[in-house]
Number of protein chains: 2
Amino acid sequence: MNRIFRVNMKDLTCKIEEVPEAWAGLGGRGLTSTIVAAEVPPTCHPLGPNNKLVFAPGLLTGTPAAQSGRMSAGAKSPLTGGIKESNAGGTSAQQFAKLGIKAMIIEDQPEAGKWYELHVNNDGVTFHDASALKGMQNFDVIDAMEAKYNPKIGVCSIGIPGEERLMAANISVKDPDHKIRSHGRGGLGAVMGSKNIKVITIDDSEGKKVEIADKDKFRAAAKVFAKAMLDHPVTGEGLPIYGTNVLINILNEAGGLPTKNFLYGSCEHHDKVSGETMHDVIASRPNGHTKHGCHAGCIIQCSQVYTDDKGEYITSGFEYETVWGLGINCMIESLDDCARIDNAMDNIGIDSIEGAVLIAVAMEAGVIPWGDGKETLRVMNEEIGKATPLGRILGNGTKSVGEAYGLTRVPVVKGQGIPAYDPRSVKGIGITYATSTMGADHTAGYSIATNILQVGGHIDPLQKEGQVELSRNLSIATASVDSTGMCIFIAFPALDIPECLPALIDMINARYGISLTGDDVVELGKYILKTEKAFNDAAGFTNADDRLPEFFEYEPIPPHNVVWDFSGEEIDEFWNF
Amino acid sequence: MNRIFRVNMKDLTCKIEEVPEAWAGLGGRGLTSTIVAAEVPPTCHPLGPNNKLVFAPGLLTGTPAAQSGRMSAGAKSPLTGGIKESNAGGTSAQQFAKLGIKAMIIEDQPEAGKWYELHVNNDGVTFHDASALKGMQNFDVIDAMEAKYNPKIGVCSIGIPGEERLMAANISVKDPDHKIRSHGRGGLGAVMGSKNIKVITIDDSEGKKVEIADKDKFRAAAKVFAKAMLDHPVTGEGLPIYGTNVLINILNEAGGLPTKNFLYGSCEHHDKVSGETMHDVIASRPNGHTKHGCHAGCIIQCSQVYTDDKGEYITSGFEYETVWGLGINCMIESLDDCARIDNAMDNIGIDSIEGAVLIAVAMEAGVIPWGDGKETLRVMNEEIGKATPLGRILGNGTKSVGEAYGLTRVPVVKGQGIPAYDPRSVKGIGITYATSTMGADHTAGYSIATNILQVGGHIDPLQKEGQVELSRNLSIATASVDSTGMCIFIAFPALDIPECLPALIDMINARYGISLTGDDVVELGKYILKTEKAFNDAAGFTNADDRLPEFFEYEPIPPHNVVWDFSGEEIDEFWNF
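Residues numbered from 1 in each chain as written. Chains lettered and ligands numbered in written order. Predicted model: local features only at pLDDT ≥ 70, side-chain atom pairs only at ≥ 80, totals over all residues. Heavy atoms only, no water.

Quick look at the interface of chain B and chain A
Tallying the contact residues gives 30 residues for chain B and 30 residues for chain A. Carbon and sulfur atoms supply 56% of the area buried between chain B and chain A, which totals about 2300 Å² over both sides. At the boundary of chain B with chain A, the tally comes to 14 residue pairs in polar contact (both at pLDDT 80 or more). Of all the elements in the fold, those that place two or more residues in the side of chain B that touches chain A are α14 (389–395), α15 (398–404) and α21 (518–539) of chain B. Each residue belonging to the side of chain B that touches chain A can be placed in one class, and the counts come to 16 nonpolar, nine polar and five charged. (Contact = heavy atoms within 4.5 Å. Buried area = accessible area lost by both parts, 1.4 Å probe. Polar contact = N/O pair within 3.5 Å; in protein donor to acceptor, adjacent residues only side chain to side chain. Helix = DSSP H or I, 4+ residues; strand = E, 2+ residues; numbered from the N terminus. Nonpolar A, V, L, I, M, F, W, Y, C, P; charged D, E, K, R; others polar.)

A word on the pattern of salt bridges
Side chains bearing opposite charge may pair, as long as their charged atoms lie close to each other. What the rule picks out here adds up to 68 salt bridges over all chains. In this structure, B:Lys272 and B:Glu333 form a salt bridge, with 2.6 Å as the shortest nitrogen-oxygen distance. Linking B:Lys272 in the loop between α8 (247–254) and α9 (275–284) with B:Glu333 in the loop between α10 (320–329) and α11 (335–348), this pair joins segments that are 61 residues apart in sequence. Residue B:Asp546 is joined to B:Lys414 by a salt bridge in which the shortest nitrogen-to-oxygen separation is 2.7 Å. Here the residue B:Asp546 occupies a position in the loop between α21 and α22 (551–554), and B:Lys414 occupies one in the loop between β16 (412–413) and β17 (416–417), the gap between them amounting to 132 residues. Comparing B:Asp546 with B:Lys414 shows no difference in burial state: the two are buried. Through salt bridges with shared partners, one network takes in A:Arg6, A:Glu17, A:Glu39, A:Lys52 and A:Glu107. (Salt bridge = Lys/Arg side-chain N within 4 Å of Asp/Glu carboxyl O. Buried < 20%, exposed > 50% of the residue type's maximum accessible area, 1.4 Å probe, protein only.)

Describing the pairing of strand β10 (residues 171–174) of chain A
The side chains of a regular strand alternate, residue by residue, between the two faces of the sheet. Residues and elements named next belong to chain A. With burial as the criterion, each face of β10 is covered, one bearing Ile171 and Val173 and the other bearing Ser172 and Lys174. Sheet topology places strand β9 (residues 154–157) next to β10; two bridges connect them, and they run antiparallel. Among the inter-strand pairings, cysteine 156 is bridged to a residue of β10, identified as valine 173. Bridge count between β10 and strand β11 (residues 180–183): four bridges; the pairing is antiparallel. When the sheet's bridge partners are listed, serine 172 is paired in β11 with serine 182. (Pairing = 2+ DSSP bridges.)

Some details on the sheet that holds strand β8 (residues 124–129) of chain A
All names here are of chain A. Spatially, β8-β7-β12-β9-β10-β11 is the arrangement adopted by the six strands of the open sheet, whose pairing is mixed. With partners counted over all chains shown, the strands left at the sheet margins are β8 and β11, one partner each. Within the sheet, the average angular offset between the axes of one strand and its neighbour, ignoring direction, is 25°. Sheet topology note: the strand β7 (residues 116–121)/strand β12 (residues 197–202) ladder contains five bridges and is parallel. Following the sheet pairing, valine 120 is matched in β12 by isoleucine 202. (Axes fitted to C-alpha atoms, helices over the stretch in contact; angles between N-to-C directions.)

Describing empty space enclosed by the protein
All names here are of chain B. According to the stated counting rule, one finds four cavities of 30 Å³ or more in the structure shown. Taken as a whole, the largest cavity encloses approximately 50 Å³ of empty space. Lining the largest cavity are Arg29, Thr435, Ser436, Thr437, Ala444, Ser475, Leu529, Phe574 and Trp575. Taken together, the residues of the lining of the largest cavity break down into four nonpolar, four polar and one charged. (1 Å grid on protein atoms, 1.4 Å probe; cavity = no way out; pocket = protein on both sides within 12 Å on 5 of 7 lines; lining within 4 Å. Points joined across faces, edges and corners; volume = space filled by probe spheres on them.)

Brief notes about the packing of aromatic side chains
Residue and element names in this part refer to chain A. A complete count under the given rule lists 24 aromatic pairs over all chains for this structure. A centroid spacing of 6.1 Å and a plane angle of 90° characterise the contact between tyrosine 446 and phenylalanine 492, whose relative ring orientation is edge-to-face. Here the residue tyrosine 446 occupies a position in the loop between α16 (427–435) and α17 (448–451), and phenylalanine 492 occupies one in helix α19 (residues 491–496), the gap between them amounting to 46 residues. Each member of the pair, tyrosine 446 as well as phenylalanine 492, carries the same accessibility label: buried. Here the guanidinium or amino end of arginine 511 rests over the ring plane of tyrosine 512, the centre of that ring lying 4.2 Å away. (Phe/Tyr/Trp six-rings, centres within 6.5 Å; stacked < 30°, edge-to-face > 60°. Lys NZ or Arg CZ within 6 Å of the ring centre and 35° of its normal.)

Overview of the packing of helix α16 (residues 427–435) of chain B against helix α18 (residues 467–484) of chain B
Residues and elements named next belong to chain B. Following both chains from N to C, one finds α16 and α18 inclined at 55°, their axes separated by 8 Å at the closest point. Between α16 and α18, the angle is such that the two are oblique. Crossing of α16 against α18: the hand is right-handed. Contacts between α16 and α18 involve Lys427, Gly428, Ile431, Thr432 and Thr435 on the former and, on the latter, Gln467, Val468, Ser471 and Ser475. Here the residues of the contact of α16 with α18 are counted per class, giving two nonpolar, six polar and one charged. (Parallel < 35°, antiparallel > 145°, perpendicular 65-115°, else oblique. Left-handed = near helix turned anticlockwise from the far one by under 90°.)

With respect to the packing of α18(B) against α21(B)
All names here are of chain B. In the contact formed by α18 and α21, the axes pass within 7 Å of each other and the chain directions differ by 95°. In terms of their interaxial angle, α18 and α21 are classed as roughly perpendicular. Touching Ser475, Ile476, Ala479, Ser480 and Ser483 of α18 are Val521, Val522, Leu524, Gly525, Lys526, Ile528 and Leu529, all from α21.

With respect to the side chain of A:Asp342
Positionally, A:Asp342 belongs in helix α11 (residues 335–348). Here A:Asp342 sits buried without a salt bridge, and the closest side chain of opposite charge, A:Arg181, lies 8.2 Å off (N-O distance). (Lys, Arg positive; Asp, Glu negative; His and termini not counted.)

Some details on the environment of B:Ile514
Residue and element names in this part refer to chain B. When you line up the elements, isoleucine 514 lands in the loop between α20 (500–512) and α21. Isoleucine 514 gets classed as partly exposed once you look at its relative accessible area, which sits at 39%. In the structure, isoleucine 514 is positioned 300 residues away from aspartate 214 in sequence and 9.9 Å away in space, judged by C-alpha atoms. Apart from the residues within four sequence positions on either side, isoleucine 514 is in contact with Ile508 and Asn509.

So, the pairing of β7(A)
Residue and element names in this part refer to chain A. Most of β7 sits inside the fold, with five of its six residues counted as buried. In terms of strand pairing, β7 meets β8 through six bridges, oriented antiparallel. Within β8, the position partnered with histidine 119 by the bridge is threonine 126. Count of turn residues in the β7/β8 antiparallel hairpin: two residues.

Some words on the sheet that holds strand β3 (residues 53–57) of chain B
All names here are of chain B. Spatially, six strands are ordered β2-β1-β6-β3-β4-β5 in an open sheet, and the strand pairing comes out mixed. Because the sheet does not close on itself, it has two edges, and the strands there are β2 (13–18) and β5 (83–88). Across the sheet, the mean angle separating the axes of adjacent strands is 20° when strand polarity is ignored. Here six bridges tie strand β1 (residues 3–8) to strand β6 (residues 101–107), and the two strands are oriented parallel to one another.

This is how it looks when you write it as structure tokens:
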């Protein structure tokens with residue numbers, strides 16, 4: 001990966017540039033955040049000509065390393081107003097790596113009204129008229145591009161919400177089975193839409209295998225690393241069998257499962273949508289698969305193929321946060337309904353976390369009856385999917401719904417919806433929500449590991465002690481992991497199995513012929529967080545943005561009847577590094 | 001004015017408190033901002049239990065001083081997220097003064113679903129069930145309250161947008177002719193709605209005349225002051241004859257009249273809605289009055305009674321900013337249509353500046369055809385007035401419309417719509433828009449006076465030199481004037497006629513038996529601005545919030561083809577005092 005594709009949407013050109021020395025050791029989030037911080041004016045309008053959309057595969061993407069097939073997308077987020085990195089599986093990351101594209105930077109905007117397909121291949125980027133695709137949702141776009149090219153063509157696209165620049169819009173990425181993974185969070189689909197890019201197609205047929213400096217060393221380390229994945233109970237057992245949805249029963253038991261728009265911490269009907277139930281449902285149905293990978297080389301296989309009782313495809317990539325959001329927080333007790341809504345969100349192209357969190361707020365506002373999966377599905381397809389006035393309110397995210405209906409129980413930080421873990425009863429994740437440069441984001445520093453799953457030790461989720469340090473350490477480590485192209489779940493073995501993290505570092509060293517140490521990796525994480533925070537500060541963020549919504553402070557959550565009780569000063573200690 | 005009414009909406013009580021010594025010298029904006037800064041947590045949710053709504057008449061309100069009948073309302077604004085003061089004429093200020101109420105502070109929230117009338121009289125506040133008024137717009141509420149009490153009852157009410165906590169909702173105040181003046185800007189109607197207060201009624205029948213310490217001195221100063229009003233060409237001639245709408249032709253000539261959502265700086269059809277035309281239309285119609293005061297004691301009489309050709313009332317308080325917004329910025333060429341829309345905004349209770357600015361953005365989004373007054377009227381009554389999904393998008397203000405439709409030409413600062421003067425071609429007002437603690441607000445430091453009207457000297461509106469100092473001095477002076485209960489237009493004679501400002505200070509001194517100097521008045525203004533800024537800073541504002549929207553920097557405006565070219569550092573010099 002030795003070149004930068006710099007695309008200008010105003011004059012429809014692509015320059016192929018050498019990789020500046022300062023970017024050579026960066027990939028994924030480290031690279032997208034570095035480029036956005038260096039090239040995007042922090043106070044620019046996120047949907048204006050001065051924002052840039054950056055794609056970068058991780059440092060190890062394209063190698064045979066397990067779990068390494070993820071792409072980062074970065075920009076100034078219209079949802080948070082701050083810097084954004086969102087990474088996804090699918091096929092595009094490995095295609096970019098094969099084409100030697102370290103990053104693609106998309107700048108400026110074309111004339112209003114014209115829509116484009118960017119076609120990426122070994123020679124650069126060409127610009128095709130995409131007016132025929134306007135108004136199409138994602139699955140149709142994928143079909144159209146496969147018909148235009150071939151079934152192996154890479155596709156990153158937006159649906160109508162992205163065209164309409166709605167802030168919950170994601171960028172959808174074709175996976176190996178022609179289904180969809182997503183750069184979900186932060187409204188990057190709206191940024192793509194603001195540049196009038198309907199779809200990016202990737203033809204890697206003239207690409208080459210990624211070069212590895214020391215193949216033997218790489219192979220040896222990759223073996224240790226893969227073994228660690230398989231040996232750890234979470235990545236070797238829990239996730240492969242039940243998917244991420246294994247967490248429903250665990251969080252319910254912990255009293256940290258936000259229910260009915262964060263009114264309660266546990267839910268009577270939890271087992272109707274739990275990972276265990278989901279496993280049995282999938283296993284009992286024709287064409288159902290309880291295991292499925294989001295990218296080639298995944299050995300965890302936490303995804304699935306969820307079918308109906310006739311064996312017709314309903315959805316895949318049906319994650320805990322989405323099931324929680326629909327099944328528990330919106331009280332939709334039918335797992336099939338939840339799966340259909342998940343698929344609709346893939347199809348119209350909105351973040352399935354934001355989408356689920358905002359529907360609960362809409363239910364609180366009386367827009368949709370509590371628990372009504374059929375009406376939620378209709379709202380997804382007919383309102384958000386068609387960008388009606390109601391659809392715009394909803395499609396602009398949780399904060400937008402709260403503002404439209406004048407509500408105060410609106411679970412967002414920096415404008416981004418709070419996912420599936422209540423910060424009052426799982427306090428470590430509350431610190432991550434508050435401090436993340438990305439807005440509320442459980443993956444930014446997954447304190448659930450240590451608070452709930454007892455991975456990397458145990459810190460009582462109901463106590464304040466140790467949470468800031470836990471969140472800080474995990475956030476620093478995560479920023480580094482997000483730069484490797486690795487899926488976030490490698491954190492479980494990395495925290496518990498001593499040889500895992502050294503094997504990861506060995507793979508990077510063998511790939512590039514360098515000699516990073518563990519300390520270097522920590523320094524990289526710190527550098528990324530500080531770069532992102534500096535961007536946000538320059539965009540106008542202060543520590544007042546590093547706070548949870550006020551209602552968490554005065555509404556105790558059952559069953560533990562606890563509130564969010566960190567002072568501002570205590571939260572701000574996160575940044576002492 | 002020697003007592004504070006402290007109303008608690010949770011336990012439905014009113015405590016009558018003595019005025020703390022620190023508040024004794026304050027009134028109007030100085031007092032509301034001091035109380036909000038002291039008692040409201042800056043990071044609280046503006047619609048939650050911790051926000052407070054404060055009303056305070058000015059220091060001279062209730063005296064016979066000309067122009068002194070204005071009331072300030074203050075709170076944390078849901079529209080800007082910062083501190084807000086919005087002052088209005090009408091009858092309530094003088095009624096509060098007569099009852100000796102220096103401020104009324106409304107705290108906390110009642111049980112959801114219950115609506116209240118607060119009845120204010122000499123004994124305090126009583127709480128009446130107002131469920132029968134829910135869903136009523138303002139004129140009906142006024143009628144209902146006059147029927148319940150008597151035609152002299154004071155009324156401050158909200159329409160359905162206020163009940164629904166929409167951010168453009170204002171607080172409507174009955175004027176001497178049973179029509180409406182407004183605490184317009186910043187969504188204070190939503191704050192009132194969040195406390196489930198549909199209406200405040202004021203019975204001042206047991207009130208007393210305001211005491212004046214030195215009656216002879218007061219009388220002499222009041223005479224000098226009133227003469228200055230009548231002698232100045234703006235307050236003695238321009239405003240009484242043409243109303244504030246005298247400005248259409250002047251700004252058009254200057255190239256500073258934002259047209260078609262800030263695309264152009266002048267407008268071909270300007271004379272169809274100019275003050276001169278409006279004067280002739282009103283004068284030609286039965287029951288039309290070209291002069292009208294918003295409160296007893298007004299001698300400028302810049303308001304009017306605008307009737308149709310049969311003599312039926314259409315509107316009053318039909319201001320330049322509203323006529324500009326509808327007639328020029330939305331391209332609605334029919335003055336009658338504009339007047340009907342103005343009346344609809346009074347009736348449903350939304351800020352007529354925000355309302356006009358947001359409609360232009362909605363026209364840019366394609367929601368309403370350009371120039372369509374009939375459809376705009378329908379949208380006001382049937383969408384915003386009934387809080388439909390589209391009505392919520394619009395009723396939440398200009399920024400909300402821009403976000404819902406993913407636009408970048410969205411004229412707001414700190415979330416509040418930019419009024420009737422283009423900052424690119426009238427640069428002094430741009431500094432005020434950028435720096436005002438209130439969000440974009442022409443009245444916060446009316447640089448138009450010196451840039452365009454040549455009042456208080458002349459500074460070329462197209463040059464940067466001197467604008468920051470001009471805006472700073474005017475902003476400091478305005479903060480003081482807003483504390484007196486005086487209408488802002490006293491600034492014109494105060495800037496040009498040497499004996500005017502001393503007479504104002506003499507009146508304050510004679511009223512309270514004190515001895516303020518001109519320096520004290522300047523210090524008061526500085527104190528107010530700094531208090532407000534400290535609140536905003538603690539709420540999370542930075543100098544990135546003291547900036548104009550980015551499009552002003554890259555879209556030149558004809559006819560001068562100029563952009564907004566102040567650097568951040570230059571703008572920040574505003575705060576060097």
